[in-house]
Amino acid sequence: MDKREFLKVSGGFVTASMLPGAWGQERTEPRTNWAGNLTFSTDHLHTPGSVDEVRQVVNSCDKLRALGTRHSFNAIADSRQNQISLKRLDNIALDEKARTVTVGAGVRYGDVASAIDARGYALHNLASLPHISVAGACATATHGSGLHNGNLATAVRGLELVTADGELVRLSREKDGDKFLGAVVGLGATGVVTSVTLEVQPTYQVAQSVYQNLSFDRLTHDMEEIFASGYSVSLFTDWQQHQATQVWIKRRVAPDDANKWQPEFFGAKLATKKMHPLADHAAENCTEQQGIPGPWYERLPHFRMNFTPSSGQELQTEYIVSFDRGYEAILAVEKLRDQITPHLFITELRTIAADKLWMSMAYERTALAIHFTWKPEWPAVRQVLPQIEAALEPFAPRPHWGKLFTMAPERLQSRYARLGNFKDMLAKHDPAGKFRNEFVNTNVYTS
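Reading the values: the criteria
- Residues numbered from 1 in each chain as written.
- Predicted model: local features only at pLDDT ≥ 70, side-chain atom pairs only at ≥ 80, totals over all residues.
- Heavy atoms only, no water.
- Helix = DSSP H or I, 4+ residues; strand = E, 2+ residues; numbered from the N terminus.
- Rg over C-alpha atoms; globule rule 2.2 N^0.38 Å.
- Areas by Shrake-Rupley, 256 points an atom, 1.4 Å probe, with all protein chains shown as cover.
- Lys, Arg positive; Asp, Glu negative; His and termini not counted.
- Charge placed at Lys NZ, Arg CZ, Asp CG, Glu CD.
- 1 Å grid on protein atoms, 1.4 Å probe; cavity = no way out; pocket = protein on both sides within 12 Å on 5 of 7 lines; lining within 4 Å.
- Points joined across faces, edges and corners; volume = space filled by probe spheres on them.
- Nonpolar A, V, L, I, M, F, W, Y, C, P; charged D, E, K, R; others polar.
- Salt bridge = Lys/Arg side-chain N within 4 Å of Asp/Glu carboxyl O.
- Buried < 20%, exposed > 50% of the residue type's maximum accessible area, 1.4 Å probe, protein only.
- Pairing = 2+ DSSP bridges.
- Axes fitted to C-alpha atoms, helices over the stretch in contact; angles between N-to-C directions.
- Contact = heavy atoms within 4.5 Å.
- Parallel < 35°, antiparallel > 145°, perpendicular 65-115°, else oblique.
- Arc of directions from axis to C-beta.

**Student:** What is the right way to read the overall build of the protein from this model?
**Tutor:** Per the secondary structure count, the protein includes twelve helices and 22 strands. The C-alpha radius of gyration computed for the protein amounts to 21 Å, which stays within 12% of the reference 22 Å derived for 447 residues, consistent with globular compactness. With the principal axes as the frame, the protein shows a C-alpha extent of 60 × 50 × 45 Å. When the accessible surface of the protein is split by element, carbon and sulfur atoms take 48% of a total near 17,800 Å². Where the 48 positive side-chain charges of the protein centre and where its 49 negative ones centre are 2 Å apart.

**Student:** I would appreciate a short explanation of the layout of surface pockets in the present structure.
**Tutor:** Rolling a probe over the atoms, with the probe sized like a water molecule, indicates the empty space that remains. In this model, the second largest pocket occupies a volume close to 560 Å³. Forming the boundary of the second largest pocket are 28 residues, of which Asn74, Ala75, Asp78, Glu438 and Phe439 lie nearest the centre. A total of five residues in the lining of the second largest pocket trace back to one element, the largest contributor, which is helix H12 (residues 438-445). Of the residues assigned to the lining of the second largest pocket, the class counts are eleven nonpolar, nine polar and eight charged.

**Student:** For this particular structure, what's the right way to read the pattern of salt bridges?
**Tutor:** If the charged atoms of two oppositely charged side chains come close together, the side chains can form a pair. All chains considered together, the criterion is met by 15 salt bridges. Taking the shortest distance from any N to any O, the salt bridge between Glu199 and Arg173 comes out at 3.2 Å. Here the residue Glu199 occupies a position in strand E11 (residues 192-199), and Arg173 occupies one in helix H5 (residues 173-183), the gap between them amounting to 26 residues. With a relative accessible area of 29%, Glu199 lands in the partly exposed category. On the accessibility criterion, Arg173 (31% relative accessible area) is partly exposed. The closest approach of N and O atoms between Glu393 and Arg415, which form a salt bridge, is 2.6 Å. Taken together, the residues span a long stretch of sequence, with Glu393 in the loop between helix H9 (378-392) and strand E22 (398-399) and Arg415 in the loop between helix H10 (409-413) and helix H11 (419-429) at a distance of 22 residues. Within the structure, one salt-bridge network assembled from shared partners comprises Glu318, Glu348 and Arg350.

**Student:** Explanation requested: the sheet that holds strand E9 (residues 156-162) in the structure shown.
**Tutor:** Strand order in the open sheet made by the five strands is E6-E7-E11-E9-E10, with antiparallel pairing throughout. Here the strands that pair on one side only, and so sit at the sheet edges, are strand E6 (92-95) and strand E10 (168-172). With strand direction ignored, the average angle separating the axes of adjacent strands in the sheet is 15°. Contacts from helix H3 (residues 109-117) reach E6 and strand E7 (100-104), with the element oriented near 40° to E6. Across the face of the sheet, H5 comes into contact with E9, E10 and E11 while running at roughly 105° to E10.

**Student:** Would you mind showing me how to read the packing of H5 against H11 here?
**Tutor:** Relative placement of two packed helices is described by the angle separating their axes and the distance separating the axes. Their axes nearest at 10 Å, the elements H5 and H11 cross at an angle of 95°. Considering their axes alone, H5 and H11 lie roughly perpendicular with respect to each other. In contact with Lys179, Gly182 and Ala183 of H5, H11 contributes Phe422, Met425, Lys428 and His429. Tallied by class, the residues present in the contact of H5 with H11 amount to three nonpolar, two polar and two charged.

**Student:** Would you mind going over the pairing of E7 with me for this structure?
**Tutor:** One face of the sheet, then the other: side chains in a regular strand alternate in exactly this way. Counted residue by residue, E7 has four buried out of five residues, so it is predominantly covered. Between E6 and E7, which follow one another and run antiparallel, lie four residues, and Arg99 among them has a positive phi close to 55°.

**Student:** What exactly am I supposed to notice about the pairing of strand E21 (residues 367-374) here?
**Tutor:** Counting buried residues in E21 gives eight out of eight residues, a clear majority hidden from the surface. Along E21, one buried face is formed by Ala367, Ala369, His371 and Thr373 and the opposite face, lined by Leu368, Ile370, Phe372 and Trp374, is buried too. Of the pairings in the sheet, the one linking strand E19 (residues 315-322) to E21 comprises eight bridges and is antiparallel in character. Looking across to E21, one finds that Val321 is bridged to Leu368. Bridge count between strand E20 (residues 344-352) and E21: eight bridges; the pairing is antiparallel. If you follow Leu349 over to E21, its bridge partner there is Ile370.

**Student:** Honestly, helix H6 (residues 219-227) in this entry has me stumped. Any pointers?
**Tutor:** Of the residues making up H6, those classed as buried are Leu219, Asp222, Met223, Ile226 and Phe227. On an axial view of H6, the arc spanned by its buried residues comes to 150°, and they lie on one face. The exposed residues of H6 that point more than 90 degrees off its buried face are His221, Glu224 and Glu225. Buried residues belonging to H6 abut strand E13 (205-215), strand E14 (232-237), strand E16 (264-265), helix H7 (326-334), E20 and E21.

**Student:** Is there a simple way to think about H12 in this case?
**Tutor:** Residue pairs spaced three or four apart in an α-helix point in one direction, given the helix's 3.6 residues per turn. Along H12, the residues that are buried comprise Phe439, Val440, Asn443 and Val444. All buried residues of H12 fall inside an arc of 90° around its axis, so they share one side. Of the surrounding secondary structure, the elements contacted by the buried residues of H12 are strand E4 (65-67), H10 and H11.

**Student:** Is there a simple way to explain the environment of Pro277 in this structure?
**Tutor:** Along the chain, Pro277 turns up in the loop between strand E17 (268-270) and strand E18 (294-295). Pro277 gets classed as buried once you look at its relative accessible area, which sits at 7%. Sequence spacing of Pro277 and Phe345 is 68 residues, and the spatial spacing of their C-alpha atoms is 9.0 Å. Those residues in contact with Pro277, other than ones at most four positions away along the chain, are Phe236, Gln246, Trp248, Cys286, Phe303 and Ile346.

**Student:** Which parts of the structure should I look at to understand unusual backbone geometry?
**Tutor:** Trans is the prevailing form of peptide bonds, just as negative phi is the prevailing case for residues other than glycine. Although it is not a glycine, Glu364 adopts a positive phi angle of roughly 55°. Relative to the elements of secondary structure, Glu364 occurs in the loop between E20 and E21. The class of Glu364 is partly exposed, set by a relative accessible area of 49%.

In structure tokens form, the structure reads like this:
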């Protein structure tokens, strides 16, 4: 099935008719998320061009959800009444003295990365795709990889948002303590984020190499050493041969580093050509490999900014478990390989440092993320997910907020120790539930 057929089948073939309205409101034909598996439930899309216009939109709507770059695979950004896109809030302001950069809610990671690198600065990490917005990624605790790298939201120093009554609220890590920790991963329910302030550091170079065919047996005793072998490490598997088919290692390198890559890595062989995680896909879409150093923002993502990320026709699921039981979790999932593989493009295994953000999947535990990139076969995938969730239940998995899962709400809610505090905060900022949608009502409030 090609992309056009997939979008038609999913009910989301987009036409170009748009009628502008107040505050940049657009009435559009049915719109879909990036993957095309979800058609949004409203044709009311507001596109304000300033913070004042955002406040006007918020005051004018009884129900409203913020829409980012549409890279969520579930209905977290959906609304039956109104959506607001912040794509026109695209300012980037670097504060060298404070070592921060403040970006409008419409800014994507690829955009801010190139802008600050040109001034000699960098972010601590990036996700696999540079195409996603900063505000949306932080609101869902999206992450890259690295045992010592927190998710992308851990770089947030400040947050500006419009609450349900149209008030402009500014929160900072230094001044607002728990309130800040609760708001950063806000699931779009705390208010409409208008800007995010991120901490930056001096720019750096990264070299990336790929190794092939790492036996899972090596994870029995060497799992921590394997995942600590680079600044960011990812293992890819199709679950069929008790191995990682590819190991992507990204290392920070200084100008005087030898930058040598051994021909073997725990029995895996160094790739002699550029690789794509999916063997039948063109590697030109991927970031540079073979140990060639380059700017951090051109190596930390897996996919290049101006190319189709990943498969392009896919569904995604991810479950986050404690790293100290990660190998047990891998073995539990592996038992389902014959149910998983027919519907799978690839699985990626990554790590995330523990954090203090209330609704983060890595809250207070160093984590292993087990990510599934599925073929666009939702009826079949929907049957497999409960089996995976049952296999992972002994490890208290937390599903990624922006991806597909079938976990019962009461089980999901039990995984978040600060959920009660989070709901109290929502009640303060949004007492009438203006920013709540079916996804939030089900997964945060239903028990």
